[in-house]
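Take a look at the letters that make up each chain.
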Amino acid sequence: MRKLSSSLLLSILLAVTSKLVKKVEAEPNPHYVALLNDSMWFYEAQRSGHLPSTNRVSWRGDSGLEDGNDNKVDLVGGYYDAGDYLKFTLPLSHSIVLMAWGGIEWFDGYQKANQVNYLRDTIRWGTDWLIKAHPSDNELYVQVGNGDVDNNYWGPDTNIPTPRPSYKITADAPGTDVAALTAAAFAASSYLFRNQLNDTNYADTLQSHAESLYKFAETATPMQLYTESVSASKEYYEATAYSNQLVFGALWLYRATGNTEYRDKASNYFDQFKLSSTPITVMDWSDQTGAVYVLGTELDGSNTKYKDAAKKYLDAIALGKNGPCSFTSGGLLWCGDESDVNSLVPVQNTALLALLYDKITSGTDYTDFATGQIKYVLGDNRMLTPYVCGVHMNSPHNPHHAGASGGSDINNIETSPPEEKYLLYGAIVGGPDKDDKFYDERNDWAQTEVALDYNAPFLGLIARQLSVDTTEDPPYVSITEPRPHVSRSTGLEKWLIAVIVIVIVFVLAGLLYLCWCKRRAIASWRASRKAVAV
Ligand SMILES: *[C@@H]1O[C@H](CO)[C@@H](O)[C@H](O)[C@H]1NC(C)=O
Ligand SMILES: *[C@@H]1O[C@H](CO)[C@@H](O)[C@H](O)[C@H]1NC(C)=O
């Protein structure tokens, strides 16, 4: 009897504990859940147009309600690009591709975090607008608002300056890069809506825009950068080539449609434009070459040229083998001029490609690199700072964002008001400098700017973390010290200053010595001048 009851007790205990353990295992890490949630909250803060009742950003209202009127089209909606009120198609499309790609690969991360609805809303707010921006086959709007007008304004969404002209590419004034990249955005989100979000109707709509735009990109002549047609975008978003976007668009269309013609087009353009031997460049809105290598590895595996190129690319950048990048003393990937502004953009984009590649090839060649970079972004750095707004006391407090700042004086962006009025949850800021230093100054846009394309890879990185590991906290969780104070370097290295001082002292001493030696000559010269004067 005793024996029976104790073994019963034991089995009940075992059942309870195993249930508890299971529950613990299934529970996603709350900090990563919050990061995913917040990073999409940031996109809500960027919304233009009529905001829905579900809008979570209290200080944002309807705006840009006349966009497109100048061309008698409806361009209301979409996203503001950065801390300003301009809308650009190229970086938006780039961002949508990265968000959709991360959503496709690590959808279970969104599911675990209960964020699937936000993923859908975030992408759809962009693609609904892209549909409006593509009112007919050979017409794509690429910009709304004028940089000269908009960049003279700093303030809330209630006084956005006008006029807000809209700019488009057409058959007579084409833009191969933006048409192909927007086709990629349509195709990638079509795949996501069809296969992960189970919305066949919307997926069909997106697919038909993707096919039509890709045809426009391929057939309009001459093939050229869109900024040749729309000079208003030139200073803001000029791509470096259109070849990689042509391949990228075709690969995404192959994935979305299953039509092998697109796979073959991609392969042909890849060869025609010699993409396997172009110089290694960092992937960003201006250049998707690195993303082409990884996506080609995923979709056209028997065509080993993609995988070879992807490996060479990641070895060069992530492992520093004869590549264009190095690492700061704090361990941050540093890619020359590319990193001088918005240093965390190359970091996140390369980390995303690295993790995608490892997932696709079931390898781990670049995982340590990528997870190390993500840890740096999330607080494992000399500033003890997670470069994500609103998640920790050391998070950036002064993102370069007009609406969030609460200020309205363009001549005093930094000081009026001294502290940001609204927390811009989830926004990734530009990032630290080469010495791993960060000053958190609103006017220092190289460090504190926020933008659609800075957050896009972050979504995928966090979704992956939730997909693969539910236990480890992000580094900032254990940081209790305030961010250390650092002062700006003068631009001159200390040793250089020392050398200059020593040289000056020697020159002065030398001159004095010379005068001493020649004192007689000088005295007689002065005497002779006096004599002449008399
Ligand atoms: C997501 O963010 C919103 C707004 O800050 C907040 O109300 C909500 O609780 C958050 N959800 C999660 C799961 O963190
Ligand atoms: C779509 O269907 C799949 C398979 O049935 C399911 O796992 C997934 O959760 C569904 N997606 C949504 C958004 O309901």
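Thresholds applied
- Every chain's residues receive numbers from 1 upward, in the order its sequence appears when written.
- For naming, the first written chain is A and the first written ligand is 1, with later ones following in the order written.
- A pLDDT threshold of at least 70 governs which residues receive local features in this predicted model, and a stricter bar of 80 or more applies before side-chain atom pairs are shown or counted, although totals over entire chains, interfaces and linings include all residues.
- Calculated side-chain values reflect all of the structure's heavy atoms, with hydrogen atoms and water omitted.
- Throughout this document, a residue counts as near a molecule or strand when at least one of its heavy atoms sits within 4 Å of that molecule or strand.
- The definition of a polar contact used here is a pair of N or O atoms within 3.5 Å, where within protein one atom must be able to donate a hydrogen and the other to accept one, and adjacent residues in sequence count solely through side-chain atom pairs.
- In short, Shrake-Rupley with a 1.4 Å probe defines the accessible areas, and a residue's cover is counted only from the protein chains shown.
- Note on residue classes: Ala, Val, Leu, Ile, Met, Phe, Trp, Tyr, Cys and Pro are nonpolar, Asp, Glu, Lys and Arg are charged, and everything else, Gly too, is polar.
- The distinction between a cavity and a pocket rests on a 1 Å grid over the protein atoms alone: a 1.4 Å probe fits inside a cavity but cannot get out, while a pocket stays open yet meets protein on both sides within 12 Å along at least five of seven lines, and a residue with an atom within 4 Å of a point counts as lining.
- Grid points are joined across faces, edges and corners, and a volume is the space filled by probe spheres set on the points.
- Only DSSP runs of H or I with at least four residues qualify as helices, and only runs of E with at least two residues qualify as strands; both kinds are numbered from the N terminus onward.
- Only protein chains enter the area calculation, which uses a 1.4 Å probe; residues under 20% of their type maximum are buried, those over 50% are exposed, and those in between are partly exposed.
- By the convention used here, residues are in contact when the closest approach between their heavy atoms is within 4.5 Å.
- Strand pairing is assigned whenever DSSP identifies at least 2 bridges connecting the two strands.
- The criterion for an aromatic pair is that two Phe, Tyr or Trp rings (for Trp, the six-membered ring) have centres within 6.5 Å, with stacked assigned to planes under 30 degrees apart, edge-to-face to planes over 60 apart and tilted to the rest.
- Whether a charge sits over a ring comes down to the Lys NZ or Arg CZ being within 6 Å of the ring centre and within 35 degrees of the ring normal.

An unreviewed UniProt entry lists the protein under the name Endoglucanase, with Circinella minor as the source organism.

A. Seen up close, the site of ligand 1. By nearness alone, every residue bordering ligand 1 is listed as V33, N37, W41, R56 and Q115. Contact between ligand 1 and N37: an oxygen atom at 2.3 Å from a side-chain N or O atom of the residue. Protein burial of ligand 1: of its 360 Å² of free accessible surface, 46% is covered by the chains. Tallied by class, residues from the shell around ligand 1 come to two nonpolar, two polar and one charged.

B. Summary view of empty space enclosed by the protein. The full count for this structure, using the stated rule, is one cavity of 30 Å³ or more. Here the largest cavity defines a volume of roughly 30 Å³. Among the residues forming the lining of the largest cavity, the class breakdown is six nonpolar, two polar and no charged.

C. A look at the layout of surface pockets. Looking at the largest pocket, its volume works out to about 840 Å³. Considering the residues around the largest pocket, the lining is formed by 34 residues, among which Y237, N342, W445, E449 and Y454 are closest to the centre. Elements that contribute at least two residues to the lining of the largest pocket include exactly α13 (337-340), α14 (344-360) and α18 (452-468). Along the lines of polarity and charge, the residues of the lining of the largest pocket split into 19 nonpolar, six polar and nine charged.

D. Layout of the environment of P386. Relative to the helices and strands, P386 is located in the loop between α15 (367-377) and α16 (402-405). Relative accessible area serves as the criterion here: at 0%, P386 is assigned to the buried category. Setting aside chain neighbours within four positions, we find P386 in contact with V377, L378, G379, V391, H392, N394, S395, P396 and Y476.

E. Summary view of the pairing of strand β2 (residues 139-144). Taken across its six residues, β2 has six buried, putting it largely inside the fold. Here strand β1 (residues 87-88) runs beside β2; their pairing, made up of two bridges, is antiparallel. Its bridge partner lying in β2, F88 is registered against Q143. As defined by bridge partners, β2 adjoins strand β3 (residues 166-170) across five bridges and the pair is classed as antiparallel. Across the sheet, V144 pairs through a bridge with S166, a residue of β3.

F. Quick look at unusual backbone geometry. Along the chain, T221 connects to P222 via a cis peptide bond; the corresponding omega equals -5°. Checked against the element boundaries, P222 lands in the loop between α8 (200-219) and α9 (243-257). For the bond running from S416 to P417, omega is -5°, close enough to zero to count as cis. Tracing the backbone through its elements, the reader meets P417 in the loop between α16 and α17 (445-448). Backbone geometry places L384, a non-glycine residue, at a positive phi of 50°. Its place among the elements puts L384 in the loop between α15 and α16. Phi is positive for D436, close to 65°, though the residue is something other than glycine.

G. The packing of aromatic side chains, seen in detail. One pass over the full model with this rule turns up 22 aromatic pairs. Here Y242 and F273 contribute two aromatic rings whose centre-to-centre distance is 6.0 Å and whose plane-to-plane angle is 85°, an arrangement assigned as edge-to-face. With Y242 in the loop between α8 and α9 and F273 in the loop between α10 (260-272) and α11 (289-299), this residue pair connects regions lying 31 residues apart in the sequence. Note on F273: relative accessible area 22%, which makes it partly exposed. Between Y293 and Y313 the ring centres are 5.7 Å apart and the planes differ by 70°, which places this aromatic pair in the edge-to-face class. Here the residue Y293 occupies a position in helix α11, and Y313 occupies one in helix α12 (residues 304-317), the gap between them amounting to 20 residues. By the burial criterion, Y293 is buried, and Y313 matches it. A cation over an aromatic ring shows up here: R255 above the ring of Y191, its NZ or CZ 4.8 Å from the ring centre.

H. Layout of the site of ligand 2. Surrounding ligand 2, one finds Q111, V116, R120, Q196, L197 and N198. One of the side-chain N or O atoms of Q111 is found 3.2 Å from an oxygen atom in ligand 2. Computed on the free molecule, ligand 2 has an accessible area of 360 Å², of which 42% lies beneath the protein chains in the complex. Its residues assigned to classes, the shell around ligand 2 shows two nonpolar, three polar and one charged.

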